[in-house]
Amino acid sequence: MHETRPVSAVKAELEAFGAANDRAVSDGRERMLNITPDTGEFLGVLVRATGARRILEVGTSNGYSTLWLAEAAMATGGQVTTVEWATDKWVKAGENFAAAGVDGVVESLHADAEKVLERQEEASLDLIFLDADRGRYPDWWPMLRRVLCPGGLLVMDNATSHAEEVAPFLDLVEDDPAFSTSLVPVGKGEFLATRAASP
Ligand SMILES: C[S@@+](CC[C@H](N)C(=O)[O-])C[C@H]1O[C@@H](n2cnc3c(N)ncnc32)[C@H](O)[C@@H]1O
């Protein structure tokens, strides 16, 4: 049995670690690139307000954003699947989930997100949080829209911090008549897209 700490305490540790680490390292792969705390609060509200239970996060890093999603999933009776391909980050995330006692509601996959999206069943997810390899989002869009259930919500980070980079993806989603979208100025900019409740 491992000792657990309150989720809030683990989140606070990760906030301090992420800020110090990302200032100190120059190699982008060693950065944690965590969401901002207000983005975490926003995600928590979105999960609770929509009652999302089947949640997928693309881009775990060391699990900071996952902790926000997992806390909210505990309130909705849901489950979070999170995907990370970098081994060191996936290992750290697993340690953090165990430390915060959320490993029961988190499935942490060590994989390329594309493979996970490919095998995900149609209309099987209530909420997807997208925070990974932005250049690949346009290619992932057909899979993302297939796996979101009617009424489901896609949330993408970095909509304002990397506006130029994500513009082709936003164009695709905004042009899709099945989706309603909104750009929310929280943290690094959260792009929301919800699928019409009926086909
Ligand atoms: C911005 S960070 C995620 C930060 C995390 N959501 C948080 O706020 O704590 C992006 C992560 O996505 C991972 N990543 C990028 N492309 C990926 C892919 N195709 N499959 C899985 N993970 C990927 C990177 O290794 C990196 O750790």
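Residues numbered from 1 in each chain as written. Predicted model: local features only at pLDDT ≥ 70, side-chain atom pairs only at ≥ 80, totals over all residues.

(A) Highlighting the overall build of the protein. Counting secondary structure elements, the protein contains 7 helices and 7 strands. Helices and strands appear in the protein in the N-to-C order α-α-β-α-β-α-β-α-β-α-β-α-β-β. Dimensions of the protein along its principal axes, counting C-alpha atoms only, are 45 × 40 × 30 Å. Taken across its 199 residues, the protein has 39% of its residues classed as buried. Nonlocal contacts in the protein, meaning residues at least 24 apart in sequence, comprise 73% of its contacts between residues at least 6 apart. (Helix = DSSP H or I, 4+ residues; strand = E, 2+ residues; numbered from the N terminus. Buried ≥ 20, exposed ≤ 12 C-beta atoms within 10 Å, placed from the backbone. Contact = placed C-beta atoms within 7 Å.)

(B) Layout of the sheet that holds strand 2 (residues 79–84). Read from one edge of the open sheet, 7 strands run 3-2-1-4-5-7-6, paired in mixed fashion. Sheet topology places strand 3 (106–110) and strand 6 (179–184) at the edges, where each strand pairs with a single neighbour. Going across the sheet, the axis of each strand differs from the next one's by a mean of 15 degrees, ignoring polarity. Strand direction decides the pairing type here: strand 6 and strand 7 (residues 190–195), joined by 6 bridges, are antiparallel. By the bridge assignment, Thr181 is partnered in strand 7 with Ala193. The strands that helix 4 (residues 87–100) touches are strand 2 and strand 3; relative to strand 3, the one it contacts most, it runs at about 165 degrees. Across the sheet, helix 7 (residues 163–174) lies against strand 5 (148–156), strand 6 and strand 7, angled at about 140 degrees from strand 6, the strand it touches most. (Pairing = 2+ DSSP bridges. Axes fitted to C-alpha atoms, helices over the stretch in contact; angles between N-to-C directions.)

(C) Region of the structure containing the nonpolar core. Core analysis: the biggest nonpolar cluster contains 48 residues, and Val47, Leu69, Leu127, Ile128, Leu130, Leu154 and Val155 have the highest contact counts within it. Of the residues forming this core, the biggest block, 7 residues, is contributed by helix 3 (residues 64–76). (Core = buried A, V, L, I, M, F, W, Y, C linked by C-beta atoms within 7 Å.)

(D) Seen up close, the packing of helix 2 (residues 37–50) against helix 3. Contact geometry of helix 2 with helix 3 gives a least axis separation of 9 Å together with a crossing angle of 25 degrees. Judged by the angle between their axes, helix 2 and helix 3 are roughly parallel. In the crossing of helix 2 with helix 3, the sense of the turn from one axis to the other is right-handed. Together, Gly40, Leu43, Gly44, Val47 and Arg48 of helix 2 and Ser65, Trp68, Leu69, Glu71, Ala72, Ala73, Ala75 and Thr76 of helix 3 make up the contact between the two elements. (Parallel < 35°, antiparallel > 145°, perpendicular 65-115°, else oblique. Left-handed = near helix turned anticlockwise from the far one by under 90°.)

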